[in-house]
Amino acid sequence: MIDAHAFFGALRSSDKTALANHMVPEATIFVHNRMDPDAPRLDIVPVTDHLQRWLSSPPDVVEWVHFETILVDGDMAQVWGPYYFTVAKKLSHCGINSLSMVKTDEGWKVANTSFTMEAPENCDGIVKKVQSTFVRTEADPR
């Protein structure tokens, strides 16, 4: 879980190169895009392409996630759970994350990821579910 959290920490980082440290260079990203329910699509993106696009992503992006399921067998793991994604504190989309992770000499890395993308108007239930898992403090009221 530490390395899965580190992956999402890299997503939040202002250092747009940090994400590459948490992914296998040969990884593939599968985006189950349901933003338009009348025209759902599957986008398959090599991680090298994604990382190049990530360099020009907007600042202040945060992916809030709750790991519901973690399965580990030796040097492979699966991490699954709901998430929502904000840009400049505005809800962009939500869905379910599925990370396939492998243990390398440098630690656990994301080998492949699949996630669904739902339009913001369909995110109330997921946002509430993820937020219910947060530990709130005065310094971080979310």
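Up top you'll find the structure we're talking about.
Residues numbered from 1 in each chain as written. Predicted model: local features only at pLDDT ≥ 70, side-chain atom pairs only at ≥ 80, totals over all residues. Heavy atoms only, no water.

A.B. asks: Can you help me understand the state of the cysteines in this one?
C.D. replies: Simply put, disulfide is the name for a covalent bond between the sulfur atoms of two cysteines. Applying the stated criterion across every chain, the model contains one disulfide. Paired by a disulfide, Cys 94 and Cys 123 hold their sulfur atoms 2.2 Å apart. Taking the sign of the torsion about the S-S bond as the criterion, the disulfide between Cys 94 and Cys 123, at about -95 degrees, is left-handed. Remark: Cys 123 occurs in the loop between strand S7 (107–118) and helix H3 (124–131) and Cys 94 occurs in strand S6 (residues 90–104); sequence separation between them is 29 residues. In this pair, the class of Cys 94 matches that of Cys 123, namely buried. (Disulfide = S-S within 2.5 Å. Helix = DSSP H or I, 4+ residues; strand = E, 2+ residues; numbered from the N terminus. Buried < 20%, exposed > 50% of the residue type's maximum accessible area, 1.4 Å probe, protein only.)

A.B. asks: Mind showing me how you'd approach the nonpolar core here?
C.D. replies: Soluble globular proteins tend to pack their nonpolar side chains together in the buried interior. Phe 7, Phe 8, Leu 19, Met 23, Ile 29, Leu 99 and Met 101 are the most contacted members of the largest nonpolar core, which totals 28 residues. Those elements that provide at least two residues to this core are helix H1 (2–12), strand S1 (23–34), helix H2 (47–54), strand S3 (61–65), strand S5 (76–87), S6 and S7. Broken down by element, the residue count for this core peaks at five residues, all from H1. Other than its neighbours up to four places away in sequence, Met 23 contacts Phe 7, Ile 29, Val 47, Leu 51, Lys 109 and Val 110. Judged by nonpolar contacts, the second largest core, of seven residues, contains Tyr 84, Cys 94, Val 127 and Phe 134. (Core = buried A, V, L, I, M, F, W, Y, C linked by side-chain atoms within 4.5 Å. Contact = heavy atoms within 4.5 Å.)

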